[in-house]
Amino acid sequence: MTFDHDPTFNLISMVQLPVSLWKSALDGASDEIYLVDQHGFIHYANNAAVASTGLNEAQLVGRPIANLETNATPIDWTSLWADLVRVGFVRLEVQRQDVEGNDYLAEWRITLVRHEIGMFALIMASSLLKRPNVETADNRKTMVANAINQVLQDTINPQTDNEIGELWLKMAEDMTGSKYGFVGEINEEGKYDALALSDPGWDACRIPGTNKTKLIMNMVFRGFWGHPVTTGESIIVNEPDQHPQSVGRPEGHPPLTAFLGVPMKHNGKVVGMFALANKEGGYDEEDVKCVELLAMSFVEALLRRRMMVREKDLHEARDASLKDPLTGLYNRRFFDEFQRNLGFEKKTAVLACDVDHFKATNDTYGHAVGDTVLKEVAAIMMKCVRESDYVIRIGGEEFVILIQESSDDVALITAERIRRMLARYVFCAASDEFNKTISIGIAMFPEDADSLSGCLELADKALYQAKEEGRDRVVRYVA
Ligand SMILES: Nc1nc2c(ncn2[C@@H]2O[C@H](COP(=O)(O)OP(=O)(O)OP(=O)(O)O)[C@@H](O)[C@H]2O)c(=O)[nH]1
């Protein structure tokens, strides 16, 4: 493994934001920040990390995070990484030691960062009891760094666009000391739709009977309000009434003492705006820098979230097309796809299962009861198999079970378990109770046939034999 590239590069390229902004935010944050690869090696450490560990950046980069001399307790990186990959975000408390050898408790907030060159862990470490002596305790920069962390978390936690908007608007207000504001996007008609609006104490924007605010939709902003959207430039207006672009305020709107408007951009195009109001003493260039950084992070968070939601929807739609709506089991299409992707090395048992005299159930109790029986049979089958096995409703009252990495014994034991459980199960129909049995035929892939469907044909032959021999039994196919 080599670490000869700019260590910040990975992080920057992941979030695709200008290097200078991110680097200054991360470098100057008062929390220690590390970017760590999946093997636990540090790729980037900020100034606070340098101050806290007493090691310079060159000494830190390439070092395993788990074995930092400042970790008073060892860290099991392998299991931590496994949790991170599974959940996306991990928070833990780590006993650490400052450069003078004093123990202190630190909180690590770790976010999984996915990138085409690999996955990384972004660790933000802050002392819970005693902050190590870090000179760069600039509160604002810590907030910006927290915002970066938030971007990454926002893409993981399922939230609505409006909730994300509220979160980022609050962050922008806190960072600048604004009294109120709004954030929104340009819609397809080129007008403005708010995603979040904080309460400026103006009745006109309140939803009657609630303390929620009405979202502005399809708005065209004039004067300095619209400046960020029309020009793509941020604007500070510290004396709104005297400003040449002043268009006054709508009736009943609370006093406006200062205004900061920052465009949200994506690929150079203005896609929205942050608008903040009434910072005491007015806004300055530092506010512009912070909010511009936030605006970029916000767009990133929003777009990433939408992409993830789209992917999830697609995934669910695909999943639904492979499922049987009655039982929730996989369907025939799944069997065909599974077969296509099956490698030869995967020993798989094929169990062909058919409920005995099912037609009689339909005839006696009606189709609806028949459906309930099928659902309950499906549930019994699911209880009898391992998580790694597949239960498929191949059609009507016929089911197929695929047991991966199976031996003859495992297949027979599973089939017998299903047969016995079903035979003992009592079904109910109105005031009547009844039992059902099942017949099962077994064939093994690739031992008996060189395709799964070939195996299914042989398992069906064995199933037919089971029916012939009196039903309620398991038969292993023999050539
Ligand atoms: N309720 C219900 N019945 C179904 C469904 N799909 C198929 N069937 C019925 O399942 C029955 C299958 O009957 P047969 O294939 O004759 O076999 P059987 O009565 O189970 O008898 P053996 O298999 O010989 O033990 C038919 O009556 C189908 O109409 C379904 O989704 N719901």
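See the structure above.
Everything in this summary refers to the structure shown in the same document. Treat the numbers as computed from the prediction; the structure is a model and nothing was measured. All residue numbers here refer to positions counted from 1 along the written sequence of the relevant chain. Note on the predicted model: pLDDT of at least 70 is required for a residue's local features to be given, and 80 or more for side-chain atom pairs to be given and counted; whole-chain, interface and lining totals, by contrast, use all residues. Values reported for side chains reflect all heavy atoms of the structure, with hydrogen atoms and water molecules removed beforehand.

1. Some details on the overall build of the protein
Here is step 1 of the chain: Secondary structure is summarised from DSSP: a helix means a run of H or I of at least four residues, a strand means a run of E of at least two, and numbering begins at the N terminus for each. Counting secondary structure elements, the protein contains 14 helices and 17 strands.
Here is step 2 of the chain: We call a residue buried when its accessible area falls under 20% of the maximum for its residue type, exposed when it is over 50%, and partly exposed in between, using a 1.4 Å probe and counting protein chains only. The burial tally for the protein puts 50% of its 479 residues in the buried class.
Here is step 3 of the chain: Here the analysis covers contacts within the protein between residues at least 6 apart in sequence; of these, 60% occur between residues at least 24 apart.
Here is step 4 of the chain: In these tables, accessible area is a Shrake-Rupley quantity obtained with a 1.4 Å probe, and a residue counts as shielded only by the protein chains included in the view. Here the protein displays about 23,300 Å² of accessible surface, and carbon together with sulfur accounts for 51% of that area. Contacts are residue-level and defined by heavy atoms, with any inter-residue pair within 4.5 Å sufficient.

2. Digging into the site of the ligand
Here is step 1 of the chain: Near is defined per residue: the residue qualifies when any heavy atom it owns lies within 4 Å of the molecule or strand. Inspection of the region around the ligand gives 16 residues, with His357, Phe358, Lys359, Asp371 and Arg393 positioned closest.
Here is step 2 of the chain: One of the side-chain nitrogen or oxygen atoms of Asp354 is found 3.0 Å away from an oxygen atom of the ligand.
Here is step 3 of the chain: In the environment of the ligand, an oxygen atom lies 3.1 Å from a nitrogen or oxygen atom belonging to the side chain of Glu397.
Here is step 4 of the chain: Isolated, the ligand exposes 660 Å² of accessible area, and the fraction of that covered by the protein chains is 66%.
Here is step 5 of the chain: Listed by contribution, the elements that provide at least two residues to the shell around the ligand are strand E11 (348-355), helix H11 (358-365) and helix H12 (367-384).
Here is step 6 of the chain: Broken down by element, the residue count for the shell around the ligand peaks at four residues, all from H12.
Here is step 7 of the chain: Classification used: nonpolar for Ala, Val, Leu, Ile, Met, Phe, Trp, Tyr, Cys and Pro, charged for Asp, Glu, Lys and Arg, polar for all others including Gly. Class assignment of the residues belonging to the shell around the ligand gives a composition of three nonpolar, five polar and eight charged. Counted as a polar contact is a pair of N or O atoms within 3.5 Å, where, for protein atoms, one must be capable of donating a hydrogen and the other of accepting one, and residues adjacent in sequence contribute only when both atoms are in side chains.

3. Quick look at the sheet that holds strand E10 (residues 269-277)
Here is step 1 of the chain: Criterion used throughout: strands pair if DSSP finds at least two bridges between them. Spatially, E7-E6-E10-E9-E8 is the arrangement adopted by the five strands of the open sheet, whose pairing is antiparallel. The open sheet terminates on both sides in strands that have one partner only, identified here as strand E7 (192-197) and strand E8 (235-237). Neighbouring strand axes in the sheet, compared pairwise and without regard to direction, differ in orientation by 20 degrees on average.
Here is step 2 of the chain: Relative to E7, strand E6 (residues 180-186) runs antiparallel, the two sharing five bridges. The residue of E7 that forms the bridge with Ile186 is Tyr192.
Here is step 3 of the chain: Convention adopted: a line fitted to C-alpha atoms gives each axis, helices being fitted over their contacting stretch, and angles between N-to-C directions are expressed from 0 to 180 degrees. With respect to the sheet, helix H7 (residues 161-176) is in contact with E6, E7 and E10, its orientation differing from that of E7 by roughly 70 degrees.
Here is step 4 of the chain: Of the strands in this sheet, E6, E7, E8, strand E9 (259-266) and E10 touch helix H9 (residues 285-321), which is tilted by about 40 degrees from E9.

4. A closer look at the pattern of salt bridges
Here is step 1 of the chain: In the sections that follow, a salt bridge refers to a side-chain nitrogen of Lys or Arg positioned within 4 Å of a carboxyl oxygen of Asp or Glu. As enumerated under the stated definition, the model contains 25 salt bridges in all.
Here is step 2 of the chain: Note that Arg109 is salt-bridged to Glu107, the shortest N-O span being 3.3 Å. Of the two residues, Arg109 and Glu107, neither departs from the other in class, the shared state being buried.
Here is step 3 of the chain: One salt bridge connects Asp287 with Lys279, and the closest N-O pair in it is separated by 2.8 Å. Both residues of the pair, Asp287 and Lys279, count as buried.
Here is step 4 of the chain: A single network of salt bridges, built from pairs that share partners, joins Lys347, Asp408, Glu447, Asp448 and Arg476.

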